[in-house]
Amino acid sequence: MNQAHPTTNASEESFKRQASVSATDRAPSLLFWRAWPWWLVPALAGLLLVLYFVDPFIGDWDGIDYTMRSLAGYPSSMALGRNLFIFENYALYRVAHALFNVQPEQAYLVFKYAVVTQAPLAVIAAWVLARDFTRSIQAATLAALFLAFSPVFVLYGGQVMTDVPSVLLLCVALIVHYRGLQQQRVWLVLLGAALLGLGVNLRETIGFYAPWLVLAPFVCGWKFRRREVLIVAVSILIFLLCALGWFAFWFITDAHYRWIWFGWRESMRQETARHPVTLHNLLPYLAYFFITAPLIFVSLPFALWKEYRERKLSPLLLLAEIGLLADLLLYLNYSTAVNWRYFLTGLPAIAPLSANFLLRVLTRRFQSARLAFATCVTALLILAVMFGLLIEPASQRLSERREMSKEYRHRLTNLPRDAVMISGSQAIAVTYWKAIGAGNWETIGTGGGWPGDDLVPMIEDYLRKGRRVFLDADPRCWLPCGWQRKEIRAIVGLQERFSFRRVTDTIYEIRPRGEPGATDSPNLETLLPENRPEDKKKCPPISS
């Protein structure tokens, strides 16, 4: 194998030549940059922000599902099972239970703070990745700050979610693989491919980086010969084995897992029908991309063009293009139009190119590398403060709903342990507390689990079987936004088919029409969106 040529980092030489025009950027400055542990700055910034915005409970619905599955040691029905995340948490819980007698109801704290711990490590890994590709400490620091100050990274770094752990593993996999290419160490190349494959068991979108395994060796100088092609082929096989092996094992050997997985597929089909992929998704797609990293969003087209014009297809350009491809592929998923967190997928790969571009351009403009770096950091801080002020109200409302899920167990204690609950957005809380062992409740779900036109027949069937059905009419359970608007109208329509008996301030038992003793009026019309103008103002513009 011919020796791989050094990374095409003429950008570093150009950067140094441009920086040399200022007396303040001579040898003492370079010594300062090399001596100071600059990776620590973005790592600490990211950790502090994550701790400030840490979720009061578990996090998104997915996080509650992960928590339940982690306690049971069983893969999630979503996608390929998120096996690595779930079984890592399962092991942590078993150790915490054995050593500190941590009970199931406190297990989420172990899982959540394991993610918090990984947040600064992910930022450090992003710093190392950017330094390896740009050979610039300044560019690496700025790229890591892009990640640390990303609202998506900050908010999901404090939840039991896979986003931040997947960033950490993605960066480590790319670092190992790239160093293997540079140093001609086949075992590092294969190890990087294996880590990338394992990352698919955290978030399936890491699989979008598979083209890197095929193209990077030849962009880094490997010759298109039999031995090199064989190494690439083996790395792809290892990637596929690590990516799909865990899922294949469960799918082949466990009938129950196949059943719940096909149930997830059906719910995804229903969700896709509700949110079809159309050109109308372009606006939220671009908005979420911008929010994830505004400086990258603005600079990326120019950075791609300039890098290609100066160095053609360099490793740095290839990395950014594959990261961008990963984000572009997200457009084909309906979730991208309703959830902003998916753009974290491409951020670690795109950030080094944008950071390097911004510093080079501003160094040329200001004739000072230090001033260029300070300008970028200042702009990033200003944007962070602005977005912090903008997302604080939404973050507060989310925290209130998560706090409600945390305390929802107390509402359930007033009901039969085998009650059937219609709790709207808190249906997942009922499922969670059932999984913890606090009761044996069932739910009539929301979203993908909503029965639609079968709602009334389903309730009637439960009543015929002697089951007691309860409705939580708390407006916080029925948001006048997105898909819940249709569900609210169906809930209001129950007043024409059933009678109600009040149990608590917001919970009513549903009884057959005209039953003596069930004479309370739940006034469900107050849940309708047109009767809640103040609540409608709080809806995201895209969903309202």
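Residues numbered from 1 in each chain as written. Predicted model: local features only at pLDDT ≥ 70, side-chain atom pairs only at ≥ 80, totals over all residues. Heavy atoms only, no water.

A. Broad picture of a nonpolar patch on the surface. A cluster of nonpolar residues, W39, L40 and L44, forms a patch on the protein surface that exposes about 250 Å² of accessible area. Taking the relative accessible area as the measure of exposure, L44 reaches 44% and is therefore partly exposed. (Patch = residues over 30% accessible without salt bridge, like charges linked within 9 Å, V, L, I, M, F, W, Y side chains within 5 Å. Areas by Shrake-Rupley, 256 points an atom, 1.4 Å probe, with all protein chains shown as cover. Salt bridge = Lys/Arg side-chain N within 4 Å of Asp/Glu carboxyl O. Buried < 20%, exposed > 50% of the residue type's maximum accessible area, 1.4 Å probe, protein only.)

B. Looking closely at the sheet that holds strand 1 (residues 420-422). Pairing is mixed across the open sheet formed by five strands, whose spatial order is 2-1-3-5-4. Every interior strand has two partners, whereas the edge strands, strand 2 (442-443) and strand 4 (498-502), have only one. Inspection of the sheet shows strand 1 paired to strand 3 (residues 469-472) by three bridges, in the parallel sense. Looking at the pairing, V420 lines up with V469 of strand 3. (Pairing = 2+ DSSP bridges. Helix = DSSP H or I, 4+ residues; strand = E, 2+ residues; numbered from the N terminus.)

C. Here's a closer look at unusual backbone geometry. At A79, a position not held by glycine, the phi torsion is positive, near 50°. With respect to the helices, strands and loops of the structure, A79 is situated in the loop between helix 4 (61-72) and helix 5 (83-100). Relative accessible area serves as the criterion here: at 13%, A79 is assigned to the buried category. Phi is positive for Q367, close to 60°, though the residue is something other than glycine.

D. Examining the environment of I428 more closely. Of note, I428 is situated in helix 19 (residues 427-436). Between the C-alpha atom of I428 and that of A114, which follows or precedes it by 314 residues, the distance is 22 Å. Filtering out sequence-adjacent residues up to four positions away, I428 remains in contact with W61, I64 and M68. (Contact = heavy atoms within 4.5 Å.)

E. The pattern of salt bridges, seen in detail. Scanning the entire structure with this criterion turns up 25 salt bridges. Taking the shortest distance from any N to any O, the salt bridge between R502 and D505 comes out at 3.9 Å. When its relative accessible area of 43% is taken as the criterion, R502 is described as partly exposed. What you see here is one network of salt bridges that share partners, running through K306, E307, E310, R311 and R360.

F. Representation of the side chain of T67 in the model. Within the element layout of this structure, T67 appears in helix 4. Those residues in contact with T67 that sit more than four places away from it in its chain are I58, Y108, F111, V160 and Y432.

G. Fine view of the pairing of strand 4. Examined bridge by bridge, strand 4 and strand 5 (residues 507-512) share five bridges and lie antiparallel to one another. Bridge pairing in strand 5 places S499 opposite R511. Taking the residues that link successive antiparallel strands as the turn, the strand 4-strand 5 hairpin has four residues.

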